[in-house]
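Below, each chain spelled out in residue letters.
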Amino acid sequence: MRIIILTIVATLGFITSGCMFKSVSEQDLIGKYQADLPDGGTETLELLAGGDCIQEIRLHSGVFHSARGKWRYEPSVACIYLDGTRQSLTPERKTNPDMARIDAITGAPSVSRTIFGTVTIGSSESIYYKKQ
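Residue positions are counted from 1 within each chain, in the order its sequence is given. It should be noted that, the model being predicted, local features are given only for residues of pLDDT at least 70 and side-chain atom pairs only at 80 or more, the latter also being counted only at that level, while totals for whole chains, interfaces and linings use all residues. Derived side-chain values reflect all non-hydrogen atoms in the structure, with water molecules and hydrogen atoms excluded from consideration.

**Details of the overall build of the protein**
Here's step 1: The number of helices and strands found in the protein is 2 helices and 8 strands.
Here's step 2: For the protein, buried positions account for 36% of its 132 residues.
Here's step 3: Taken as a whole, the protein presents about 7800 Å² of accessible surface, with 59% of it coming from carbon and sulfur. Helical segments are the DSSP runs of H or I of at least four residues, strand segments are the runs of E of at least two, and each set is numbered from the N terminus. Type-normalised accessible area, obtained with a 1.4 Å probe on protein chains alone, sets the label of each residue: buried when under 20%, exposed when over 50%, and partly exposed for intermediate values. Using a 1.4 Å probe, the Shrake-Rupley method yields the accessible areas, and only the shown protein chains count as cover for residues.

**Let's talk about the nonpolar core**
Soluble globular proteins tend to pack their nonpolar side chains together in the buried interior.
Here's step 1: Residues Leu 29, Leu 47, Trp 71, Val 111 and Ile 121 are the most contacted members of the largest nonpolar core, which totals 21 residues.
Here's step 2: Among the elements of the structure, β1 (31-36), β2 (42-47), β3 (52-58), β4 (64-74), β5 (79-83) and β7 (119-122) are those that each provide at least two residues to this core.
Here's step 3: The contact criterion used throughout is that any non-hydrogen atoms of two residues lie within 4.5 Å. Ignoring sequence-local partners within four residues, the contact set of Ile 121 consists of Leu 29, Tyr 33, Leu 47, Ile 80, Pro 109, Ser 110, Val 111, Ile 127, Tyr 128 and Tyr 129. Here the nonpolar core consists of buried residues drawn from Ala, Val, Leu, Ile, Met, Phe, Trp, Tyr and Cys, with membership extended through side-chain atoms lying within 4.5 Å.

**Quick word on the environment of Tyr 129**
Here's step 1: As for its position among the elements, Tyr 129 is in strand β8 (residues 128-131).
Here's step 2: Judged by relative accessible area, which is 7%, Tyr 129 ranks as buried.
Here's step 3: As a C-alpha pair, Tyr 129 and Thr 42 span 87 residues in sequence and 9.9 Å in three-dimensional space.
Here's step 4: Here Glu 43 takes part through its side chain, which lies 2.8 Å from a polar atom of the side chain of Tyr 129. Under the rule applied, a polar contact is a pair of N or O atoms within 3.5 Å (in protein, one hydrogen donor and one hydrogen acceptor; residues adjacent in sequence only if both atoms are side-chain atoms).

Any link to function would need more than the numbers given here.
Shown next as structure tokens:
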């Protein structure tokens, strides 16, 4: 029993020390992310090299919106700034009735890693984009 517990503790220590606490670089962020929306729809955000991004929002009702914008990563505060994208949800996690409008700056979602090292982006509406 003691060997099993030590093995589990050692494995968890290895995972968290090597992956979860590894800083996220700008290069790590490049790629496609997806978030599940409360209405059953999805939102994808693709961060391209050079600072461009593509956002696609597909609501369960069939409504579709897309935007091309810019992104900038600030590693000192582990946040990504999005410019020229849409706000899919209100702060109350409801579908944004003004979603068709493209905002100058849609917020500064936090950037982190899961315990397995996968990069995630968390928005201010409690939506987490998981790297695909």
